[in-house]
Amino acid sequence: MAEQTITNSGTYDLSRLTTFKIGGKCDAVYFPKSVDEFIELFNKDNTLFVIGSGSNLLISSQGIKGGVVCTKQLKNITVVGNTITAEAGVTGAFMAQLAAKEGLSGVEFFIAFPGSIGGNVFMNASAHNQFTSDCFVSARCYDRETKSVVTLKKSDMNFAYKQSILQTGRYILLDAVFELKKAPAEEINALMARNLTNRKQTQPSMAYPNAGCAFKNPPNDSAGRLLDKAGLKGYDDGNVRIWDTHANFIINKGNATSTDVLELMLKMYNKVKETYSIELTPEVIYVGEMSKREEEICRILYPKIQK
Ligand SMILES: Cc1cc2nc3c(=O)[nH]c(=O)nc-3n(C[C@H](O)[C@H](O)[C@H](O)COP(=O)(O)OP(=O)(O)OC[C@H]3O[C@@H](n4cnc5c(N)ncnc54)[C@H](O)[C@@H]3O)c2cc1C
């Protein structure tokens, strides 16, 4: 059943919208059913926080001040020739399957993680040597500054590793256009199957709530490799645990709070710093109201977060 807009604070648990299953309350939650409705929400309140699939987010257990808009019902997607246009809430996995059916190659990696198109472009999500930016052509975005809809081309996007212009917070992705390449369906399906097998061997399934890699890879290295060599695989910290076969994944054992996750991230960060003199940068995005302890940790892990 489609989720309804909830405007009564304290009634909606944001942990329902994150793959970590962590998050407090907020003032209002909106689930727009069309791009026009999405735009209208920002015209009324352009401070709303956007959630896609919630798979790269650590939302504070103290919640978020203000309103939240979730794109999960913006699911329109069309294929014309080699071009796919997808609304912000389409999941990458759905797009990958549709592309495969159409004999289109370029987004096979999307099959392997839960991100939405909005989140994938925001993070320039990548895996298995493919990047979201590879086949990105343009996106229609809501500009919070001018309160208007603009089209951003690939050259406007400042794409780099885990980076895009959306991270400035100015633009909200409404829908995006991708140009793919024709390829034999067997090749596309084989690549997707390989990607999925690789995941199953190394990463937790979604039955173990997590938000993907906790830290970004430092230049020319892998955060997972460093954390593994530092002896952190399987490290158990009570409510949270580092995954046994991939030391860059934190799982919520069921009752974890945002503080539990941040405490463990700080331990991981400190261990790698002490062992290799490398300061890891978090990949998981932290949002919401901070406790005093969270403020202390975030000053180290997220020095750019402004309170
Ligand atoms: C099991 C697992 C495996 C993963 N593997 C990978 C991987 O291989 N590679 C990889 O890159 N990532 C991976 N991730 C992380 C995550 O799936 C990606 O970062 C994904 O791109 C996040 O998309 P999302 O829709 O979940 O974004 P969310 O977590 O909902 O949001 C992330 C950020 O994007 C912003 N945002 C979302 N939608 C919009 C929009 N429409 N306009 C503007 N801003 C928006 C949000 O405000 C937030 O700041 C994995 C996660 C999990 C749980």
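Computed from a prediction, not measured in an experiment: that's the story for all the values here.

**A few points about the packing of helix α7 (residues 258–276) against helix α8 (residues 292–301)**
Part 1 of the reasoning: Two elements in contact, α7 and α8, have axes separated by 10 Å at closest approach and are oriented at 35°. Of the two possible hands of crossing, α7 and α8 adopt the one that is left-handed. For the pair α7 and α8, the contacting residues are Ser258, Thr259, Leu262, Glu263, Met265, Leu266 and Tyr269 in the first and Arg293, Glu294, Ile297, Ile300 and Leu301 in the second.
Part 2 of the reasoning: Residues of the contact of α7 with α8, tallied by class, amount to 7 nonpolar, 2 polar and 3 charged.

**Points about the site of the ligand**
Part 1 of the reasoning: Every one of the 32 residues lining the ligand counts as a neighbour, but Gly52, Gly115, Gly118, Gly119 and Gly212 are closest to it.
Part 2 of the reasoning: Looking at the shell around the ligand, the elements that each hand over two or more residues are β2 (49–51), α3 (117–123), β8 (126–127) and β12 (171–179).
Part 3 of the reasoning: Per-element tally for the shell around the ligand: the top contributor is α3, with 5 residues.
Part 4 of the reasoning: In terms of residue class, the shell around the ligand is made up of 16 nonpolar, 16 polar and no charged.

**Quick notes on helix α2 (residues 92–101)**
Part 1 of the reasoning: For α2, the full list of buried residues reads Gly92, Met95, Ala96, Ala99 and Ala100. Down the axis of α2, the buried side of the element spans an arc of 135°, and every buried residue falls inside it.
Part 2 of the reasoning: Buried residues along α2 sit in contact with β5 (77–80), β6 (83–87), β7 (104–105), α3 and α5 (185–202).
Part 3 of the reasoning: Where α2 ends, the next residue or the one after it, Gly103, has phi of about 70°, a positive value.

**So, the nonpolar core**
Part 1 of the reasoning: Judged by nonpolar contacts, the single largest core of 89 residues is most densely connected at Leu58, Val68, Met95, Val107, Leu173 and Val261.
Part 2 of the reasoning: It is α7 that contributes the most residues to this core, 7 residues altogether.
Part 3 of the reasoning: Among residues more than four places away in sequence, those in contact with Leu58 are Phe20, Ile22, Ala211, Ser258, Val261, Val284, Ile285 and Tyr286.

**Let's talk about the sheet that holds β5**
Part 1 of the reasoning: In space, the 5 strands of this open sheet follow the order β5-β6-β12-β10-β11, with antiparallel pairing throughout. Lying at the two open borders of the sheet, with one neighbouring strand each, are β5 and β11 (148–153). Mean inter-strand twist for the sheet, computed between neighbouring axes without regard to direction, equals 20°.
Part 2 of the reasoning: Two strands pair when backbone bridges link them, and β6 and β12 are joined in this way by 5 bridges, in the antiparallel orientation. Looking at the pairing, Thr83 lines up with Glu179 of β12.
Part 3 of the reasoning: Sheet strands touched by helix α1 (residues 35–44): β6, β10 (136–143), β11 and β12. Its angle to β12, the strand with the most contacts, is close to 150°.

**Notes on the environment of Lys101**
Part 1 of the reasoning: Mapped onto the elements of the fold, Lys101 is located in helix α2.
Part 2 of the reasoning: Once the C-alpha coordinates of Lys101 and Ile188 are considered, the two residues, 87 residues apart in sequence, prove to be 9.2 Å apart.

**Describing the domain arrangement of the protein chain**
Part 1 of the reasoning: Per the domain assignment, the segments of the protein chain are domain 1 (14–70), domain 2 (77–188) and domain 3 (223–301).
Part 2 of the reasoning: Of note, the centres of domain 2 and domain 3, computed from C-alpha atoms alone, are 29 Å apart.

**Description of the pairing of β6**
Part 1 of the reasoning: The pairing of β5 with β6 spans 4 bridges and is antiparallel. Bridge pairing in β6 links Thr78 to Thr85.
Part 2 of the reasoning: Hairpin connection of β5 to β6: 2 residues between the antiparallel strands, including Gly81 at a positive phi of 60°.

**Focus on the sheet that holds strand β1 (residues 28–30)**
Part 1 of the reasoning: A sheet is described by the order of its strands in space; here 3 strands give the open sequence β1-β4-β2, paired in parallel fashion. Of all the strands in the sheet, the pair left with one neighbour each is β1 and β2. Strand-to-strand twist across the sheet, computed as the mean angle between neighbouring axes with direction ignored, equals 25°.
Part 2 of the reasoning: In this sheet, strand β4 (residues 67–70) lies alongside β1 in parallel orientation, the contact comprising 3 bridges. The residue of β4 that forms the bridge with Tyr30 is Val69.

Calculation criteria
Residues numbered from 1 in each chain as written. Predicted model: local features only at pLDDT ≥ 70, side-chain atom pairs only at ≥ 80, totals over all residues. Axes fitted to C-alpha atoms, helices over the stretch in contact; angles between N-to-C directions. Helix = DSSP H or I, 4+ residues; strand = E, 2+ residues; numbered from the N terminus. Left-handed = near helix turned anticlockwise from the far one by under 90°. Contact = placed C-beta atoms within 7 Å. Nonpolar A, V, L, I, M, F, W, Y, C, P; charged D, E, K, R; others polar. Near = placed C-beta within 6 Å. Buried ≥ 20, exposed ≤ 12 C-beta atoms within 10 Å, placed from the backbone. Arc of directions from axis to C-beta. Core = buried A, V, L, I, M, F, W, Y, C linked by C-beta atoms within 7 Å. Pairing = 2+ DSSP bridges. Domains from an automatic or database assignment.

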